[in-house]
Amino acid sequence: MVIVGGGTAGSVVASRLSADPELRVALIEGGPSDVGDQAILQLRNWLNLLEGDYDYDYPITPQPRGNSHLRHARARVLGGCSSHNTMISFLPPPDDFADWVKAGATGWSYEEMVPLWKRLAISITPVAERDRNPLAEDFVTACHTALGVPVHQDFNAAPFADGTGFFPVGYHPETGIRSSASVAYLHPHLDRPNLTILTEHWASHLDPDRGSRSAPAPGSRS
Ligand SMILES: Cc1cc2nc3c(=O)[nH]c(=O)nc-3n(C[C@H](O)[C@H](O)[C@H](O)COP(=O)(O)OP(=O)(O)OC[C@H]3O[C@@H](n4cnc5c(N)ncnc54)[C@H](O)[C@@H]3O)c2cc1C
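Quick notes on the rules
- Residues numbered from 1 in each chain as written.
- Predicted model: local features only at pLDDT ≥ 70, side-chain atom pairs only at ≥ 80, totals over all residues.
- Near = placed C-beta within 6 Å.
- Helix = DSSP H or I, 4+ residues; strand = E, 2+ residues; numbered from the N terminus.
- Nonpolar A, V, L, I, M, F, W, Y, C, P; charged D, E, K, R; others polar.
- Pairing = 2+ DSSP bridges.
- Axes fitted to C-alpha atoms, helices over the stretch in contact; angles between N-to-C directions.
- Contact = placed C-beta atoms within 7 Å.
- Buried ≥ 20, exposed ≤ 12 C-beta atoms within 10 Å, placed from the backbone.

A. Spatial organisation of the site of the ligand. Lining the immediate environment of the ligand, one finds 25 residues, of which G5, G7, G80, C81 and N85 sit closest. Elements represented by at least two residues in the shell around the ligand include exactly helix 1 (8-18) and strand 9 (201-207). Here the element with the most residues in the shell around the ligand is helix 1; it accounts for three residues. Of the residues in the shell around the ligand, the class split is 10 nonpolar, 12 polar and three charged.

Take a look at the structure:
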């Protein structure tokens, strides 16, 4: 099986499929590996990754009334945008799931999705005390004391209507390492003999009957 794009989704799919030793899985990623690269792995460094080597940094079509210079960040690295984003990780509220079911997303009810949420390999936790910005602490306190907004220690603990508090984030507080799709789903399985990960390779053509062709990605460093 060939998976094109070793991003957030591709990392999970490659991990799940290669758990079956009967399957041979190839994951093709246009960007470099994140393994051992602290610039990517340290969640705190996320902002420095934008508009750099790991970012496709798409420009937008010039707009007649301004804002023509907006940039759209999209990661080019194993783990995809989960390797350069902020890993804010909320379980959607039950009403949102209900809306999606009403719109035709059969199987996406809150009750059906929560067990899948619990299966996530990502380490999701509220921002740890030592990583909290004192200004943000004061903001949370002020929301509560001045406006009576309820404080939530963990927004994912139970459905909530409104509130203030620190984000739940996918990371390992003891090391500061992001719990990206690559870290959580690929790093533990890099030694699987049936999983081949081709980084710096670009899929340029898809032939559903014969698999995909790949070549070193444009501008790749290896
Ligand atoms: C700056 C930023 C901050 C964000 N913050 C959050 C957040 O805090 N919380 C949250 O939940 N979401 C956040 N998001 C959104 C979230 O990261 C994305 O929705 C999600 O990662 C998209 O996953 P994906 O698998 O669809 O694509 P991606 O993760 O973008 O993966 C696509 C991968 O495919 C590769 N690729 C593409 N084409 C080819 C090809 N032809 N050949 C080989 N490889 C190819 C790319 O290099 C890339 O690695 C953020 C996004 C950005 C950009």
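B. Quick peek at the sheet that holds strand 2 (residues 25-28). Ordered in space as 1-2-8, the three strands form an open sheet in which the pairing is parallel. Edge positions in the open sheet fall to strand 1 (2-4) and strand 8 (195-198), since each of these has one partner strand only. Across the sheet, the mean angle from the axis of one strand to that of its neighbour is 15°, orientation sign disregarded. Two strands pair when backbone bridges link them, and strand 2 and strand 8 are joined in this way by four bridges, in the parallel orientation. Bridging across to strand 8, V25 finds its partner in L195. Along the sheet, helix 1 contacts strand 1, strand 2 and strand 8; its crossing angle with strand 2, the most-contacted strand, is approximately 170°.

C. Looking closely at unusual backbone geometry. At E51, a position not held by glycine, the phi torsion is positive, near 65°. Here E51 lies in the loop between helix 3 (46-49) and strand 3 (58-59). One non-glycine residue with positive phi stands out, namely N67, at about 60°. For N67, the position within the fold is in the loop between strand 3 and strand 4 (71-72).

D. Structural context of the environment of L41. Along the chain, L41 turns up in helix 2 (residues 38-41). Residue L41 is classed as buried on the basis of its C-beta count, with 22 C-beta atoms lying within 10 Å. As a C-alpha pair, L41 and S179 span 138 residues in sequence and 8.3 Å in three-dimensional space. With residues near it in sequence (within four places) discarded, L41 still touches D34, I177, R178 and V183.

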